[in-house]
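Coordinate analysis (summary)
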Amino acid sequence: MNKPLFSVLCYNINSYDKFRDLDESVINPLAEYVYLTNDKSITSNTWTIKYIEFNDDEDIWDICSKIRYNPFRFVKSDICVKMDASLSINVDLTPMIEKLINENYEAAVLLPAHRDTLFEEYVCWIENRKYPLEQAKKCLGFLTKQNFDVFNYHGLYCGGLSIQKNTKMNNDWNRITYSLLKFLSNDKKSCERPNQTISSFVLNKYFSDTKILPLKSTIISNNEFSWFSHGTDKLITFPHLIKSHLFNKPCEPYSIL
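Residues numbered from 1 in each chain as written. Predicted model: local features only at pLDDT ≥ 70, side-chain atom pairs only at ≥ 80, totals over all residues. Heavy atoms only, no water.

A word on the nonpolar core
In plain terms, the rule: Nonpolar core, defined: a set of buried Ala, Val, Leu, Ile, Met, Phe, Trp, Tyr and Cys residues in which side-chain atoms within 4.5 Å join the residues together. Buried means the residue's accessible area, taken with a 1.4 Å probe over protein chains only, is under 20% of the maximum for its type, while exposed means over 50%, and partly exposed covers the values in between. Counting from the N terminus, the helices are the DSSP runs of H or I reaching at least four residues and the strands are the DSSP runs of E reaching at least two.
Ranked by size, the top nonpolar core spans 35 residues in total, and within it Phe-6, Val-8, Trp-47, Met-83, Leu-161 and Phe-225 carry the most contacts. At the level of elements, β1 (7–12), β2 (32–37), β4 (79–84), β5 (87–89), α2 (94–102), β6 (107–110), β7 (158–165) and β8 (212–215) are the ones that each hand at least two residues to this core. Counting 34 residues, the second largest nonpolar core, distinct from the first, contains Val-109, Leu-118, Val-150 and Val-202.

Below you can see the structure in the form of structure tokens.
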């Protein structure tokens with residue numbers, strides 16, 4: 001059997017988000033759509049539901065990170081759209097995948113709308129998610145020691161949506177990111193929570209010579225995708241308020257619509 005043209009991988013552990021089925025209009029029959037969950041009450045005619053099991057003493061954030069940073073373990077294609085379960089797909093994603101293939105991009109990253117330095121992201125976590133100040137200092141200190149400018153380098157990429165090819169570069173990016181999330185966590189059973197700061201650092205630091213497709217921030221603002229507050233039907237929409245950057249350089253981000 002031929003491999004799918006691309007795979008969409010969505011994961012939802014402990015029903016952290018509401019399950020949302022796919023509208024048939026967004027489905028490419030040459031692609032696969034995989035939904036990982038441990039909730040065996042979820043069934044679907046559009047998603048391929050894969051039930052996963054884990055021990056009670058395993059940490060949910062570590063489980064999610066093992067999925068996010070090892071996507072090709074769960075899909076058949078060599079191109080994977082990784083998306084949080086807080087997102088729903090509104091359009092056929094094939095044009096985005098074709099651009100990735102035809103123009104030889106290694107991966108695609110979602111640009112942020114309101115802030116794009118690692119320092120700003122940690123400040124947001126402290127102010128809005130009660131993230132410990134001392135832990136932020138620890139992580140920022142570590143990144144600074146790697147000769148990375150956490151204050152002025154414009155290179156933050158959103159963790160909830162990305163596209164990767166099954167290549168050495170992407171597998172290395174995932175492997176290094178996961179290892180740093182484990183290293184920086186105070187709880188060795190878990191992972192450092194602000195994962196997009198670490199993933200962004202790894203991409204900027206080690207793979208800035210790679211051809212990456214920047215995705216426009218507002219594709220998840222009820223356009224190509226809809227974004228919902230975790231566990232609810234509350235739709236999140238927003239304007240794009242900052243200049244778009246990739247690898248600290250201005251860029252023109254892509255969108256289908």
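Side note on the sheet that holds β1
As a reminder of what qualifies: Two strands qualify as a pair provided DSSP detects at least 2 bridges between them. A fitted line through C-alpha atoms serves as each axis, taken over the contacting stretch for helices, and the angle formed by two N-to-C directions is quoted from 0 to 180°. We call two residues in contact when some of their heavy atoms are within 4.5 Å.
Strand order across the open sheet formed by seven strands is β3-β2-β1-β4-β7-β6-β8, with mixed pairing between neighbours. A strand with exactly one partner marks an edge of an open sheet, and here the two such strands are β3 (48–51) and β8. Averaged over all neighbouring strand pairs, the angle between strand axes comes to 20°, with direction disregarded. Sheet analysis places β6 next to β7, joined by four bridges and oriented antiparallel. For Leu-110, the partnering residue across the bridge sits in β7 and is Cys-158. Its contacts with the sheet place α2 against β4, β6, β7 and β8, and it is angled at close to 55° to β7. On top of the sheet, helix α5 (residues 168–184) reaches β4, β6, β7 and β8; it is set at about 150° to β7, its chief contact.

Section: the environment of Asp-84
Looking at where Asp-84 falls in the secondary structure, it is placed in strand β4. Separated by 104 residues in the primary sequence, Asp-84 and Lys-188 have C-alpha atoms spaced 24 Å apart. Asp-84 has contacts with Cys-10, Tyr-11, Arg-68 and Gly-160, leaving out every residue within four places of it along the chain.

Let's talk about α5
Quick reminder of the rule: Expected span, for any helix, means 1.5 Å times one less than how many residues it has.
Taking 1.5 Å per residue, 17 residues should reach 24 Å; α5 reaches 24 Å between its end C-alpha atoms and fits that length. Inspection of α5 places Met-169, Asn-170, Asp-172, Trp-173, Asn-174, Ile-176, Thr-177, Leu-180, Leu-181, Lys-182 and Leu-184 among the buried residues, and these make up the whole buried set.

With respect to the side chain of Ser-77
The line we're drawing: Counted as a polar contact is a pair of N or O atoms within 3.5 Å, where, for protein atoms, one must be capable of donating a hydrogen and the other of accepting one, and residues adjacent in sequence contribute only when both atoms are in side chains.
Its place among the elements puts Ser-77 in the loop between α1 (60–68) and β4. According to the relative accessible area criterion, Ser-77 is buried, its value standing at 2%. A polar atom in the side chain of Ser-77 sits 3.5 Å from the backbone oxygen of Leu-5.

Digging into the packing of aromatic side chains
To keep it simple, the criterion reads: Pairs were defined over the aromatic rings of Phe, Tyr and Trp, the Trp ring being its six-membered one, requiring ring centres within 6.5 Å. Orientation was assigned from the angle between planes: stacked under 30 degrees, edge-to-face over 60, tilted for the rest.
On inspection of all chains with the given rule, the structure shows 14 aromatic pairs. Geometrically, the ring pair formed by Phe-6 and Tyr-33 is edge-to-face, given 6.3 Å between the ring centres and 80° between the ring planes. Here Phe-6, found in the segment before β1, pairs with Tyr-33, found in strand β2; they are 27 residues apart in sequence, far enough to count as distant. The interplanar angle of 80° and the centroid separation of 6.1 Å between the aromatic rings of Phe-201 and Tyr-206 together place this pair among those described as edge-to-face. On the basis of relative accessible area, Phe-201 is assigned to the buried category, the value being 1%. Members of the aromatic cluster, each reached through a chain of ring pairs, are Phe-6, Phe-19, Tyr-33, Tyr-35 and Trp-47.

So, the packing of helix α3 (residues 118–129) against helix α4 (residues 133–145)
Defined as follows: Here the angle decides the label: under 35 degrees means roughly parallel, over 145 means roughly antiparallel, 65 to 115 means roughly perpendicular, and every other value means oblique. Three residue categories are used. Nonpolar comprises Ala, Val, Leu, Ile, Met, Phe, Trp, Tyr, Cys and Pro, charged comprises Asp, Glu, Lys and Arg, and polar comprises the others, including Gly.
Running from N to C, α3 and α4 point in directions that differ by 170°, and their axes come no closer than 10 Å. One element, α3, and the other, α4, form an angle in the roughly antiparallel class. Across from Leu-118, Phe-119, Tyr-122 and Ile-126 in α3, the residues of α4 making contact are Leu-133, Ala-136, Cys-139, Leu-140 and Leu-143. Among the residues forming the contact of α3 with α4, the class breakdown is nine nonpolar, no polar and no charged.

Overview of the state of the cysteines
What counts, and what does not: To count as a disulfide, a pair of cysteine sulfur atoms needs to be within 2.5 Å.
Taken as a whole and assessed by the stated rule, the structure comprises zero disulfides. Not part of a disulfide, Cys-158 finds its nearest cysteine sulfur in Cys-124, a span of 11 Å. The thiol of Cys-251 is unpaired, and the distance to the nearest cysteine sulfur, on Cys-158, comes to 12 Å.

Function cannot be read off these values alone, since they describe shape.
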